[in-house]
Amino acid sequence: MRYIRPSSLEDAIGLLVEASGKAAILAGGSDLLVRMKGGFIEPELIIDIKAIDALRHITESEDGFVIGAAVPCAVLGENAALRRAWPGVVEGANLIGSKQVQGRCTIVGNLCNASPAADSVPALVAAGAKALIRGPAGSRTIAVEMVPVGPGKTSLAPGEIIEAILLDKRQPRSGDAYQRFTPRTEMDIAVVSAAVNLTLDDQGVVQSARVALGAVAPTVLLVEEAAEILTGSRVDDKTLDRLAAACSGACRPIDDKRGTVEFRRKVAGVLAKRVALAAYQRAGQK
């Protein structure tokens, strides 16, 4: 096994392209090292991108935020501007692992690990975030929800690396929120999770919405029916009940020791109501 710590993204891509065997990217290592220790993977080459300066910053511009692939989740929580603009995204990122893990783990690593229960991904999907991808053929940008294609699998082509996550500039009277259900309050993965992002008009009516569910299908679900139910409403009780039914109906969960199909469907609806209300209240405060 070889370990290489390149100083530029171009060098990292070159190493990926030239690798003769299995190569793995290490952004924080909180997923990769656990999988290696468990014997699930044995990469012949580990490429540590943590030292690439261009990937270690959060940049705010008139277009929004650019979050580098090597930015630790703890840094997201410390960025006041990002917390104000996208609190739901920060909520998801700050639920990954322990306080110690927060200093290493990244939302890009969480995304590329492609776990159906990833905490940062539903909030990113609800936010309409995009992934900036660099590879031997150049750069391309795709919606975050197009990156995972199944448990442990992504749509990235050979030699491609996600350079950054892009979040649009926050519109006035907008809010987002993320919540999950776990058996324990800390150091656990989501049994079900939900994220909602919405924008209001001057009268407090929802103009647009995005609703995402995690841990209830092979990949994060973007529930368009739920978004349509929220749009045009003031998120009253009747709307929330319809929202819960739509989210429960959209689920495609499995039975396992952490929760049954019926339980996950029920909780998906409950969480969707809670985060929709939280997002609506946040939007009304801006």
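This write-up is about the structure you can find in this document.

Conventions we followed
All chains use their own residue numbering, which begins from 1 and follows the written sequence. Reporting of local features is limited, given that this is a predicted model, to residues whose pLDDT is at least 70; pairs of side-chain atoms are given and counted only at 80 or more, and all residues count toward the totals for whole chains, interfaces and linings. Derived side-chain values reflect all non-hydrogen atoms in the structure, with water molecules and hydrogen atoms excluded from consideration. Throughout, the protein atoms alone are placed on a 1 Å grid, and a set of points is a cavity if a 1.4 Å probe fits but cannot get out or a pocket if it is open with protein on both sides within 12 Å along at least five of seven lines; lining residues have an atom within 4 Å of a point. Grid points are joined across faces, edges and corners, and a volume is the space filled by probe spheres set on the points. Amino acids outside the nonpolar list (Ala, Val, Leu, Ile, Met, Phe, Trp, Tyr, Cys, Pro) and the charged list (Asp, Glu, Lys, Arg) are all regarded as polar, and Gly is one of them. Strand pairing requires that DSSP identify at least two bridges connecting the strands. Working definition: helices are DSSP H or I runs of at least four residues, strands are E runs of at least two. Numbering for both runs from the N terminus. Whether two residues are in contact is decided by their heavy atoms, any of which lying within 4.5 Å being enough. In this description, a line fitted to the C-alpha atoms serves as the axis of each element, helices being fitted only across the stretch in contact, and the angle between N-to-C directions of two axes falls anywhere from 0 to 180 degrees. Only Phe, Tyr and Trp rings are paired, with Trp represented by its six-membered ring, and only when their centres lie within 6.5 Å; those with planes under 30 degrees apart are stacked, over 60 edge-to-face, the remainder tilted. Three exposure classes are used, based on accessible area relative to the maximum for each residue type with a 1.4 Å probe and protein chains only: buried under 20%, partly exposed in between, and exposed over 50%. For this analysis, a nonpolar core means a set of buried residues of the types Ala, Val, Leu, Ile, Met, Phe, Trp, Tyr and Cys, connected via side-chain atoms within 4.5 Å.

**Re empty space enclosed by the protein**
Counted under the stated rule, the structure contains two cavities of 30 Å³ or more. The volume enclosed by the largest cavity comes to roughly 50 Å³. Lining the largest cavity are N110, L111, A114, S115, P116, A118, V121, P148, P218, T219 and V220. Considering only residue class, the lining of the largest cavity consists of eight nonpolar, three polar and no charged. Size it by volume and the second largest cavity reaches roughly 30 Å³. Every residue lining the second largest cavity is listed: V121, V125, V144, E145, P148, T219 and V220. Its residues assigned to classes, the lining of the second largest cavity comprises five nonpolar, one polar and one charged.

**A look at the sheet that holds strand β11 (residues 174-181)**
Taken in spatial order, the four strands of this open sheet run β11-β12-β13-β14, and their pairing is antiparallel. Each of the sheet's edge strands pairs with one partner strand only, and the pair in question is β11 and β14 (221-222). Where helix α11 (residues 261-284) meets the sheet, its contacts fall on β11, β12 (192-200) and β13 (206-214), and the angle it forms with β12 comes to roughly 30 degrees.

**Looking at the packing of aromatic side chains**
Going through the model one piece at a time under the given rule, you end up with one aromatic pair. Centre to centre, the rings of F181 and F263 are 5.4 Å apart; their planes meet at 70 degrees, and the pair counts as edge-to-face. Residue F181 is located in strand β11, and its partner F263 is located in helix α11; the two are separated by 82 residues in the primary sequence. According to the relative accessible area criterion, F263 is partly exposed, its value standing at 33%.

**Some details on the nonpolar core**
Of all hydrophobic cores here, the largest spans 53 residues; its most connected members are I67, L82, I165 and L167. Aside from chain neighbours lying at most four places away, what touches L82 is I58, F65, I67, L76, P87, V90 and L167.

**Looking at the environment of L124**
Among the structural elements, L124 can be located in helix α8 (residues 120-126). Look at L124 and you get buried, because its relative accessible area is 0%. Along the primary structure L124 and T141 are separated by 17 residues, whereas in three dimensions their C-alpha atoms are 15 Å apart. Beyond its immediate chain neighbours, meaning those up to four positions away, L124 contacts V89, I107, A129, V144, I165 and L167.

**Quick look at the side chain of S8**
Considering the arrangement of structural elements, one finds S8 in the loop between β1 (2-4) and α1 (9-18). S8 sits in the buried class, given a relative accessible area of 19%.

**Section: the layout of surface pockets**
Considering only enclosed or pocket space, the largest pocket measures out at about 870 Å³ in volume. Around the largest pocket, the lining is made up of 36 residues, and of these K22, A23, A24, I25 and C112 lie nearest the centre. Contributing elements (two or more residues each) for the lining of the largest pocket: β2 (23-26), α2 (32-37), α7 (107-112), β9 (153-154) and β10 (161-168). Class assignment of the residues belonging to the lining of the largest pocket gives a composition of 20 nonpolar, 11 polar and five charged. Here the second largest pocket defines a volume of roughly 560 Å³. Forming the walls of the second largest pocket are 20 residues, and the residues nearest its centre are S30, D31, N110, N113 and I189. When the residues that make up the lining of the second largest pocket are grouped by side-chain class, the tally is 10 nonpolar, five polar and five charged.

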